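Chain by chain, the residues run as shown.
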Amino acid sequence: MPSLTVWLFRLFFLLFALGASSGALATRTVMELPDNFPLRLEGKLEYVEDPSGQMTLDQVRALPAPSYTELTADNFTKGFTASAYWIRFTLANPDPRPVVWVLQHRLPFTDYVETWVLSGFVRMHEIAGDRTRVAERQLPAHLPSFKFTSAPGESVEVYVRLSNINKAEMQMVFRLDTLASFVSNMASSENQLGILYGVPLALAFSSMVGAAVARDRRFSTYGLYALATIATWIGFNGHFARFLHFDDPDLFNNLLHMLMLVQTIFLILFAREFLQTRTRMPRFDRIFVAMMTASCIGIGMRLAGIFTPVTQLTLVLMSMSSITAVAAWHAWRMGMVHARWFFFAQLCSTVPVAVGLAGIRMGLYAYDGFVNFQGIYFAELLLLAVAQHDHVRRTQDRQRKLERDHERALAERNAFLEAEMVNRTNALAAMERRAAFIAEVGAVTQRVAGGEFTARLALPEDGAMQPLAVSVNAMAESLARLEGARRHWIAEISHELRTPLAGLVGEIEAMLDGVHPIDMAHVESLYRTCDRLTRLVDDLHELAMSYLRPLRCKFAPLDYQQLLLDLSPYFAGEARKKGLVLEVHCDAPQTTAIWDSARINQLLINLLSNSIAYTDAPGRIEVRVTPLEERVRIVIEDSAPGLSRDELAQVFEPLFRAEAARSRRSDGSGLGMKICRAIVDAHHGTIGVAGSALGGVLVRIELPYTPEDNAS
């Protein structure tokens, strides 16, 4: 258990952190005047917007009074804007002594802050802002500051022009102070900065040493985060010129942007290592990786000269850093006790920052009255150091416990090994029996591979090996069936090819022997026989290709209603010749689908040709097309004769012909229905046959509007 001193130490820093964020609900004062300030503000603070940014002081002074708007707590913020704003007010010195006063603009990120003080014929002008070199500023402060001496009884008009080259946060917030008070505050700030820079720097150095000794990435990522935080403070405080020994405001602005993003990256890296999100909380880890990726993109964009999107991205990422507090809370609930201090650290830093940034963006707070960023980050770094110490202490406690458990487990292990030796001996005998069975499996499978499909395995006594024997026997039986089917397939194809070839050879021999004359009638008969052979070979090739791979289709928008209307006249005429009536019903609001028009045409021709060829006269054939929510249903049914249940089950078998009345067609290959199924499968649809209410056969097809392979 931690000592009382340790707990008091932790409580002190927690209270310090909470106190650092106590300014979050400060009032929105647009012009802050310290107590006992000798000057008097006469009239109102007013501002006017200059969207063009080209107005001069004389033009602004010449504007009528209604052109100005009173500057109040409700309109002090202008958000992300590229406009220029002029603020004016009057100061009077009722004191009998001259007063040296300082006007300070409280937002450090304003490109140009120009101040004019008009008194009688005296006009004093000064330029400040974050694009002004430190050496050229009237006062050595990182906030734009202007100094002026008011004579006794003197009233002066003050005009301040604020403008940004890029779109950036702009707030019209000022502070008036005497020079003595200003210098005193500057000295006090310098003393505070010594602590704010020194303590985190010592923590970073000790963490780097710890990382080198313990080879633990938690220490190194914490040290890098502390260094990035210190570097960011240096930028916020305008001390780049002091520590880097050169004066380039544009470079400093770019560097500060990138340091804020680097700070976010190192915070996330430390959170990933400390909370072990990669293994324990993968959902949070994916969010953290996305935030680091966005930070790297922001750094690249800033190097490329992009300003406003990077500014917005930086503020969003700083606000999103509060997710680390949620992750720490979740880890704490999962049993990672050391995560509690990480949770407290993020609760007093990233959460107030996120709330404060949102408040500034929505105009709820003034920047000057918002949280002391350096104070809350200082408290965060101290609490994170406590979290590191707590984690190391708990790790050492666990290590000692593991050593004790290891000694106890070692004794138990020795006893276990003795018992295990007996079990291994028994297992070895069982393995020998299994090895003999495996050898028998190999012998049987070799016989099956050699064509002896009657070979079978006897079921072994070992229940674990019985499924293998059953599978081998099932494989042999399946191969026997496949071999029979192959021989039947070869016999069927041979028969289908031999019959027309025999007739063709007979006709040619008769013509060569002079039995039949060589005239157009006999040549036409030979052509029909050759045409049947050609169609049979084409169907066989199409079917063979469908076994190897799905039929190739060229998907394109198709009006299937128009396709039916184009086919209907021809098949209606063919039906009438046979004494049949063909009816086509297709009345759909949507008649367009992404199909292969040639394949669908082939499908419909095959089915309609079958119905016409196999239906007795007088009879009828009905075609109905019904659009469903995601599919199209096509139903083709005809009148008698029909097929038996066994024959319906074999319709899609290659070379199948019914033995009953529907087998009259002599020029068919018996492959048409199998090809129809291949076409439907290529379109990710379904096809089935059943008995028709008209007495014949019903074929039902359902095709999706857009096949899956063509959905993208």
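What counts as what
Residues numbered from 1 in each chain as written. Predicted model: local features only at pLDDT ≥ 70, side-chain atom pairs only at ≥ 80, totals over all residues. Heavy atoms only, no water. Pairing = 2+ DSSP bridges. Helix = DSSP H or I, 4+ residues; strand = E, 2+ residues; numbered from the N terminus. Core = buried A, V, L, I, M, F, W, Y, C linked by side-chain atoms within 4.5 Å. Buried < 20%, exposed > 50% of the residue type's maximum accessible area, 1.4 Å probe, protein only. Contact = heavy atoms within 4.5 Å. Expected span 1.5 Å × (residues − 1). Phe/Tyr/Trp six-rings, centres within 6.5 Å; stacked < 30°, edge-to-face > 60°. Lys NZ or Arg CZ within 6 Å of the ring centre and 35° of its normal. pLDDT = per-residue confidence, 0-100. Axes fitted to C-alpha atoms, helices over the stretch in contact; angles between N-to-C directions.

Some remarks on the sheet that holds strand β3 (residues 69-70)
Within the open sheet, the 6 strands sit side by side as β3-β2-β5-β10-β7-β8. Their pairing is antiparallel. Two strands bound the open sheet, and with one partner strand each, they are β3 and β8 (122-128). Pairing analysis gives 9 bridges linking strand β5 (residues 84-92) to strand β10 (residues 155-163), with the strands arranged antiparallel. From the neighbouring strand, Tyr85 faces β10, where its bridge partner is Leu162.

A few points about the nonpolar core
Formed by 62 residues in total, the largest nonpolar core has its most connected members in Tyr222, Tyr225, Trp233, Leu275, Phe342, Tyr377 and Leu384. Counting residues per element, this core draws most heavily on helix α6 (residues 249-275), which supplies 14 residues. What Leu275 contacts, discounting residues up to four positions off in sequence, is Met281, Thr324, Ala327, Ala328, Ala331, Met336, Ala339 and Phe342. Counting 39 residues, the second-largest nonpolar core is a separate cluster that includes Leu582, Trp595, Leu604 and Ile675.

Looking at α6
For α6, built from 27 residues, the straight-helix expectation of 39 Å at 1.5 Å per residue is met to within 8% by its first-to-last C-alpha distance of 38 Å. After α6 finishes, the residue Gln276 shows a positive phi value of roughly 55°.

Describing the environment of Gln602
With respect to the helices and strands, the residue Gln602 is situated in helix α17 (residues 597-614). Separated by 77 residues in the primary sequence, Gln602 and Ile679 have C-alpha atoms spaced 8.6 Å apart. Ignoring anything within four residues of it in the chain, the contact list for Gln602 reads Ile675 and Ile679.

Here's the deal with the packing of aromatic side chains
What characterises a pair of aromatic rings is the spacing of the ring centres plus the angle enclosed by the ring planes. The full count for this structure, using the stated rule, is 20 aromatic pairs. Ring-pair connections join several aromatic residues into one group, and the members of that group are Trp329, Trp332, Trp341, Phe343 and Phe344. Geometry around Tyr68 places Arg88 over its ring, the cationic atom sitting 3.6 Å from the centre.

Here's the deal with the confidence of the model for the protein chain
Any region with low pLDDT has predicted coordinates that should not be read closely. When pLDDT is averaged along the protein chain, the result is 80, and 83% of the positions lie at 70 or above. A low-confidence stretch, residues 1-27 stays under pLDDT 50, and its non-local contacts, those more than four residues away or across chains, total 38 contacts.

Some details on the sheet that holds strand β17 (residues 631-639)
As summarised here, the arrangement of the 5 strands in space is β14-β16-β17-β19-β18, forming an open sheet in which the pairing is mixed. Either end of the sheet is taken by a strand with one partner, and the two such strands are β14 (580-586) and β18 (686-691). When the angles between neighbouring strand axes are averaged without regard to direction, this sheet yields 10°. Of the strand pairs in this sheet, β14 and strand β16 (residues 619-627) are connected by 7 bridges, and their pairing is parallel. Residue Val581 lies in a different strand from β16, and its bridge partner there is Arg620. Against the sheet, helix α16 (residues 560-577) contacts β14, β16 and β17, and its axis sits at roughly 170° relative to β14.

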